[in-house]
Every structure is written in structure tokens, then in C-alpha cells.
Amino acid sequence: MSTQKSALEAMLEQYETNNKPKYEKNQEKKVYDLKNYFNTYIKDGVPSATKTIRILPTASGSPFVEFHGHKVLVDGEYKTFACLKHAKDEPEPCPFCEAREALLATGKDTDKELAKKYGSRMMYIVKVIDRDNEKEGVKFWRFNHDSSKKGIMDKIHSIISAIKKDITDPETGRDLVLTIQRDQNNRPTVTGIAQLDPSVLTENEDYKTEWLADDRTWESVYSLKGYDYLEIIVKGGVPVWDKEAKGFVDKASLSSEKTTSESLDSELTLGVENVKSSIQTAKVLEEQPSGNTEDTEDDLPF
């Protein structure tokens, strides 16, 4: 008798694990295609909208992949970078985490407050089909975990815990309808998620075969930057690839002549005291108040 967990069991267990009380507070260049990403943006001037999705099944376990990211303002735009400490099976040094630890080590209240801005955020990434754009195929949807239990994952969990069915099943799963409204800051926010009746994933056998065979992971579409790249950002710089140096350098350290030369390739079209003095200049996203952690102004990785 198989002891492998069903998708339903895995999703329910994952949610409970991530909401337990907490007692303690490769440089390969990718080509990004907007068709790879599902988002909940709505056009300026539009007060509300709905979007319908189908969450795709995985070979085993929950379809919701846990992701930890650092969000920071770089060259005028907010970017989310995978935390190297959590990105792989074996933790790697992460400049953001090191900056946080260095600040906490001083024991100063001001440094403790600043350290909060360098912590990673837990998010989820799930593969979906956008019913309004089925021809675009499988999309990746990334959204924040909400410790106040008012987020997107909480709304989905309410559905699967109520019906006790696997909503990702290709034959008997369910589409989800997202209600999107603007919040008090005029940002699009998912305010409700409703289930539709059970249905097959698609009547189109070609689509079905293609969608279910898609074996890409989040690393296929979201950039995983290395230590040198992230270190420049933590220090408040803008990383660019210098072909002569064969590595990332801070854009500000280059002469204007070299900055405009063909030897420079920008990658943004996607000691304790030393650390402290450097990271003070970096602009990191302010923490969101409780209940407003969905952070709908999420970036795309380019």
C-alpha cells in the first residue's frame, strides 16, 4: 500500500506548517517572456476585475513551491531576488542575510530596526493556466505568504479545506475565480477567490499533453543571482556585467566612456562596520503593515 501523500493532503499540511506560531522573530543570462508570468494587475482607471485560473498538478506533493526572496529598490524599480540561503537544498551565503545578522549583532535598537528590512519574505510559486489566455500555455504565479492569514494562500486553503478535494486534478479539479479590487492605496489586491464546478483541465488534447508535460521549475523563469551580484545591491549599487573584468561591478564605479561601450552588459533589464556603512545607502522595501502583506506591486524578473 502506497504511503505517498496525495496533492490534497500535501497542500493542507503545507498550509498548517507555514502558519504555526513563530517564537523567534548561476550567472546564466535568461531571456524572459511575459507569457511565462501570471499576475493580478489591472489597468489604470479600472476599479475592479476578475481573472479565472486553473492550478496545475505536480507529480507528487503540493503544487505550491515555497520561495524566499529579498525585495529592494534597484535603479528606480523594485526587484525581488531569491535568497541564496533558501534557494537550494544546501544553504549558501546570502549578502542580505549577512547584512541583517551584522546589524543585529551590534545590539543597538536602531540597527535592529534597520535589520528588519534585510530579512527575506516567504512567497509561493505555483503553475497555472490563465483561462483568458490559454494559448499562452503554462504560467508561473508568485504571491506572498501572509502571516495574518488574510492572503491569497489563505483564501485558496479555505476552499480546499472546505471541499476536501484536489482542485488540481486534470479530470475533476476546479477553476478558481479571483476578484481583484483596488485597496486604499489604489493598488490591485485579490479580495476574494471562488471555486467553480468540477471540470476537466481542457477538452483540447494537445493543450492537455503540453501543459501536463511542462517540467519547468521556478528557476526556469525567475532569475537566481549569485553572491557577487547581490552584494553590490546590498551596498546600494547597480550591478552590471563588465566583459573586460568578466564579472559584475557597480555601475557607479565605471567611467561614463566605459558605461556606454559595448564591453558593458546590463543585467537589470531584469567587517560589521563596513557592512553597516555600505548597506545604509541601499533602499529596501519598507515592511508592510499586518493585513496588507499581499504586496500586489510585485515585479517581474527582468
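Quick caveat, the model's predicted, so the values are computed rather than measured.

## Digging into the packing of aromatic side chains
Piece 1. Overall, the coordinates contain 12 aromatic pairs when judged by the stated rule.
Piece 2. Taking 4.8 Å as the distance between ring centres and 90° as the angle between the ring planes, the aromatic pair formed by Tyr229 and Phe248 counts as edge-to-face. Taken together, the residues span a long stretch of sequence, with Tyr229 in helix H6 (residues 227–234) and Phe248 in strand E9 (residues 247–250) at a distance of 19 residues.
Piece 3. An aromatic cluster is defined as three or more aromatic residues linked by ring pairs; in this entry it consists of Phe38, Phe64, Tyr124, Trp141 and Phe143.
Piece 4. Above the plane of the ring of Phe38 lies Lys51, whose end atom (NZ or CZ) is 5.6 Å from the centre.
Piece 5. When the ring centre of Tyr229 is taken as origin, the NZ or CZ atom of Lys225, which lies over that ring, is 4.7 Å away.

## Things to note about the layout of surface pockets
Piece 1. For the second largest pocket, the calculated volume is near 290 Å³.
Piece 2. What lines the second largest pocket is a set of 17 residues, among which Pro57, Thr58, Lys127, Asp214 and Arg216 lie closest to the centre.
Piece 3. Broken down by secondary-structure element, the contributors of at least two residues to the lining of the second largest pocket are strand E4 (121–130) and helix H5 (205–213).
Piece 4. Tallying contributions element by element places E4 first for the lining of the second largest pocket, with three residues.
Piece 5. Here the lining of the second largest pocket is composed, by residue class, of 11 nonpolar, two polar and four charged.

## Here's the deal with the pairing of strand E3 (residues 77–82)
Piece 1. Summarising the sheet, strand E2 (residues 65–74) and E3 pair through six bridges and their orientation is antiparallel. Considered in E3, the bridge of Gly69 is made with Ala82.

## Things to note about unusual backbone geometry
Peptide bonds are trans in most cases, and residues, glycine excluded, mostly fall at negative phi.
Piece 1. A positive phi angle, near 55°, is found at Asp75, a position not held by glycine.
Piece 2. Within the secondary structure, Asp75 is located in the loop between E2 and E3.
Piece 3. Note on Asp75: relative accessible area 54%, which makes it exposed.
Piece 4. A positive phi angle is found at Lys149, which is not glycine, with a value near 65°.
Piece 5. Position of Lys149 among the secondary structure elements: in the loop between strand E5 (138–144) and helix H4 (152–163).
Piece 6. When its relative accessible area of 47% is taken as the criterion, Lys149 is described as partly exposed.

## Side note on the state of the cysteines
Piece 1. Applying the stated criterion across every chain yields a total of zero disulfides.
Piece 2. With no disulfide partner, Cys83 has as its closest neighbouring cysteine sulfur the one in Cys97, 3.5 Å distant.
Piece 3. The structure places no disulfide on Cys94, whose sulfur is separated from the nearest cysteine sulfur, that of Cys97, by 3.8 Å.

## Remarks on a negative patch on the surface
Piece 1. A contiguous patch of negative charge, built from Glu203, Glu205, Asp206 and Glu210, is present on the exposed surface.
Piece 2. With respect to the secondary-structure elements, Asp206 resides in helix H5.

## Describing the environment of His157
Piece 1. As for its placement among the helices and strands, His157 is situated in helix H4.
Piece 2. Sequence-distant contacts of His157, that is, excluding residues within four places in its chain, are made with Leu12, Tyr15 and Glu16.

## Here's the deal with the pattern of salt bridges
Piece 1. Counting across every chain of the model gives 13 salt bridges.
Piece 2. In this structure, Arg54 and Asp175 form a salt bridge, with 3.0 Å as the shortest nitrogen-oxygen distance. Taken together, the residues Arg54 in strand E1 (residues 48–55) and Asp175 in strand E6 (residues 174–182) connect sequence positions 121 residues apart.
Piece 3. A residue is classified by how much of its surface remains accessible, and Asp175, at 9% relative accessible area, is buried.

## Side note on the packing of helix H2 (residues 95–105) against H6
Piece 1. Their axes nearest at 8 Å, the elements H2 and H6 cross at an angle of 45°. With respect to H6, the axis of H2 lies oblique. Here H2 contributes Pro95, Phe96, Glu98 and Ala99 to the contact with H6, which in turn contributes Tyr227, Leu230, Glu231, Ile233 and Val234.
Piece 2. Of the residues contributing to the contact of H2 with H6, the split by class is seven nonpolar, no polar and two charged.

Cut-offs applied
- Residues numbered from 1 in each chain as written.
- Predicted model: local features only at pLDDT ≥ 70, side-chain atom pairs only at ≥ 80, totals over all residues.
- Heavy atoms only, no water.
- Phe/Tyr/Trp six-rings, centres within 6.5 Å; stacked < 30°, edge-to-face > 60°.
- Helix = DSSP H or I, 4+ residues; strand = E, 2+ residues; numbered from the N terminus.
- Lys NZ or Arg CZ within 6 Å of the ring centre and 35° of its normal.
- 1 Å grid on protein atoms, 1.4 Å probe; cavity = no way out; pocket = protein on both sides within 12 Å on 5 of 7 lines; lining within 4 Å.
- Points joined across faces, edges and corners; volume = space filled by probe spheres on them.
- Nonpolar A, V, L, I, M, F, W, Y, C, P; charged D, E, K, R; others polar.
- Pairing = 2+ DSSP bridges.
- Buried < 20%, exposed > 50% of the residue type's maximum accessible area, 1.4 Å probe, protein only.
- Disulfide = S-S within 2.5 Å.
- Patch = residues over 30% accessible without salt bridge, like charges linked within 9 Å, V, L, I, M, F, W, Y side chains within 5 Å.
- Areas by Shrake-Rupley, 256 points an atom, 1.4 Å probe, with all protein chains shown as cover.
- Salt bridge = Lys/Arg side-chain N within 4 Å of Asp/Glu carboxyl O.
- Lys, Arg positive; Asp, Glu negative; His and termini not counted.
- Charge placed at Lys NZ, Arg CZ, Asp CG, Glu CD.
- Contact = heavy atoms within 4.5 Å.
- Axes fitted to C-alpha atoms, helices over the stretch in contact; angles between N-to-C directions.
- Parallel < 35°, antiparallel > 145°, perpendicular 65-115°, else oblique.

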